[in-house]
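What the coordinates show
Each chain, letter by letter, is given below.
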Amino acid sequence: MGERMLITNIGELTTNVADGDDLSGTRRDAAVLIEDGLISWVGDADDAPDADEILDAEGRAMIPGFVDSHSHLVFGGDRAVEFEARMAGQKYAAGGIRSTVAATRAATDDELRDRLYGFLEEMLAQGTTTVEIKSGYGLDVATEERLVRLAAEVTPEVTFLGAHVVPAEYADRGDDYVDLVVGDMLDACAPHAKWIDVFCETGAFTVPQSRRVLEAGIARGLAPRVHASQLGPGEGVQLAVELGAASIDHGTYLTDDDVTALAASDTVLTLLPGVEFSTRQPYPDARRLIDAGVAVALACDTNPGSSFTSSMPFCIAIAVRDMGMTTAEAVWAATAGGARALRRDDIGVIAPGMRADLVLLDAPTRVHLAYRPGVPLVAQVWKDGVARLE
C-alpha cells in the first residue's frame, strides 16, 4: 500500500455522485483521501481519516478532472487566415479541412509529436486530465497511420477518422475514397485505435458512405462515434443511434425526431461550443436537450479550423452564457458527461474506487468557471493522484 494523501478543507466539492435533485453531488467542508492513484474515501473534513500527507485546500472548490472527449491534436500548419476571413463574413464549410492536410503530410513525426505535447500541456494547465484524439488530417494510408500511432503514445482514447472529408486527389470519387478508408487505411490504423468516426455531413460523407465506414470499423472491433448535424439537419443522428454510437458530436441542427431518438438511447450528444464561437453558427439549445432527457457532454474540439481552443473552462462559460446550461450542468457535461461519451466508468466522478483525477480551483465555487471567463482559475491538477502543475 502506498502513501495516503488527504486533501482537506475543500469549501465546495463537486463529486458528480447524484444526491436527490443535485446531479453534482455537492459537498461542503469536504475532504478526499487518495491512495495508489485512486480515491479511497470522500466525506466531511471533520470525519477525515489519518493520512501520511495532508494538503489544505483553504476553502477552495474542487471538481473532477475535465474529460475532453473530442479533439484533433495531431496536425501541421495553421489556419489563422481562414479564421480572419470568417470573421469578415465568409461562411464556414467542411472543405476547409483539406487546407490542413498538406501541412500535416509534410510534417515529420517529431514535429507533430512536439506540437501534440504542447497542446496536452495547455489542456492540463486548464484542468483536462483525459483527452480523446482523432486522426483525420492525413487522408492517406501512411499519414493516417502516423496520426493514430502518435495519438496512442499519449492516450488510450484514439479515434480513427480517415473519413473526415474526401481529399483533393479523390475529388468527385467519394465512393472510391471510402473503399480506401474501409480497406488499406483501416487495416493500418485499427491496431492503434479504439474508436471509428465519420463526418456524416453535406460536403463530407453521405449516410450510405458513413454506414460503410462505421460498420467496417465495428467489424474490426472499433466502437463508433459520429460527427453529425453540424452544418445542417441530416440523417447522421438516426444512423448513429441505430449503430449504438457512444457519441454524436456537434448536433448544432437537430430535429425533434433526433432529440427523441437520442433521449431514448445510450448515445451521448457531445456539444462543441468552441465551434459555434469560431464559426458564428447558432449555438445549440442545450436546455432543450437536457429537458428532453438527452445525455450531454461538452468538449473543446481543438482543431486548427473551426475551434482552436484547448480550454474547457472557456467552453463551460459559453455553454452557460449562450446555450442555456447552469454551471452545475456544464461542469457535469465536461466531466461525467465526457466520461460517458467515452464509455468510461473510472473517471469524471469523485468517489471511492475512481481514478484520482482532480482539479483544485483558485475560487470558492465552480460557478467562477463561468462567472470569471478567461481567468486562469486552476490552482492544481492531480492525474492518477500525482500533482502535475509546478
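In this report, the structure presented in the accompanying data block is examined. (Residues numbered from 1 in each chain as written. Predicted model: local features only at pLDDT ≥ 70, side-chain atom pairs only at ≥ 80, totals over all residues. Heavy atoms only, no water.)

1. Side note on the side chain of Arg60
- The residue Arg60 is located in the loop between β4 (53-56) and β5 (61-64) in this model.
- Here the side chain of Arg60 touches Ala57 through a polar contact of 3.0 Å, landing on its backbone oxygen.
- Aside from chain neighbours lying at most four places away, what touches Arg60 is Asn9, Ile10, Gly11, Glu12, Leu360, Leu361, Asp362, Ala363 and Ala379. (Helix = DSSP H or I, 4+ residues; strand = E, 2+ residues; numbered from the N terminus. Polar contact = N/O pair within 3.5 Å; in protein donor to acceptor, adjacent residues only side chain to side chain. Contact = heavy atoms within 4.5 Å.)

2. Concerning the environment of Pro191
- Following the sequence through the fold, Pro191 ends up in the loop between α5 (174-189) and β10 (195-200).
- Along the chain, Pro191 and Arg355 lie 164 residues apart, while their C-alpha atoms are 26 Å from each other.

3. Description of the pairing of β5
- Pairing of strand β1 (residues 4-13) with β5, which is carried by 2 bridges, proceeds in the parallel orientation. Pairing of Glu12 across the sheet is with Ala61, part of β5.
- Relative to strand β16 (residues 358-361), β5 runs antiparallel, the two sharing 3 bridges. Bridge pairing in β16 links Ile63 to Val359. (Pairing = 2+ DSSP bridges.)

4. Let's talk about helix α2 (residues 98-106)
- If you check which residues of α2 are buried, you get Thr100, Val101 and Thr104. End-on view of α2: buried residues confined to an arc of 110°, all on one side of the axis. Set apart from the buried face of α2 by more than 90 degrees, the exposed residues are Ala102 and Ala106. (Buried < 20%, exposed > 50% of the residue type's maximum accessible area, 1.4 Å probe, protein only. Arc of directions from axis to C-beta.)

5. Observations regarding the layout of surface pockets
- The volume enclosed by the largest pocket comes to roughly 380 Å³.
- In terms of lining residues, the largest pocket is bounded by 17 residues, among which Leu120, Thr129, Val131, Val154 and Lys383 are the most central.
- Elements that contribute at least two residues to the lining of the largest pocket include exactly α3 (109-125) and β7 (128-131).
- The element contributing the most residues to the lining of the largest pocket is α3, with 5 residues.
- In terms of residue class, the lining of the largest pocket is made up of 7 nonpolar, 4 polar and 6 charged. (1 Å grid on protein atoms, 1.4 Å probe; cavity = no way out; pocket = protein on both sides within 12 Å on 5 of 7 lines; lining within 4 Å. Points joined across faces, edges and corners; volume = space filled by probe spheres on them. Nonpolar A, V, L, I, M, F, W, Y, C, P; charged D, E, K, R; others polar.)

6. Quick notes on the pattern of salt bridges
- Inspection of every chain in the model, using the stated rule, returns 31 salt bridges.
- Note that Glu82 and Arg79 form a salt bridge whose closest N and O atoms lie 2.8 Å from each other. Like Glu82, the residue Arg79 is buried in the burial classification.
- Here Arg211 makes a salt bridge to Glu242, at a shortest N to O gap of 2.9 Å. Of this pair, Arg211 sits in helix α6 (residues 207-219) while Glu242 sits in helix α7 (residues 236-242), placing them 31 residues apart in sequence.
- Residues participating in the shared-partner salt-bridge network are Glu157, Lys194, Arg344, Asp346, Arg355 and Asp384. (Salt bridge = Lys/Arg side-chain N within 4 Å of Asp/Glu carboxyl O.)

7. Focus on the packing of helix α11 (residues 312-322) against helix α12 (residues 327-334)
- Where α11 contacts α12, the two axes come as close as 9 Å, and the packing angle between them is 140°. In this view, α11 runs oblique relative to α12, as classed from their interaxial angle. α11 and α12 meet at a crossing whose hand is right-handed. Each of Met312, Ile316, Ala319 and Val320 in α11 lies in contact with α12, whose residues at this interface are Thr327, Ala330, Val331 and Ala334.
- Taken together, the residues that form the contact of α11 with α12 break down as 7 nonpolar, 1 polar and no charged. (Axes fitted to C-alpha atoms, helices over the stretch in contact; angles between N-to-C directions. Parallel < 35°, antiparallel > 145°, perpendicular 65-115°, else oblique. Left-handed = near helix turned anticlockwise from the far one by under 90°.)

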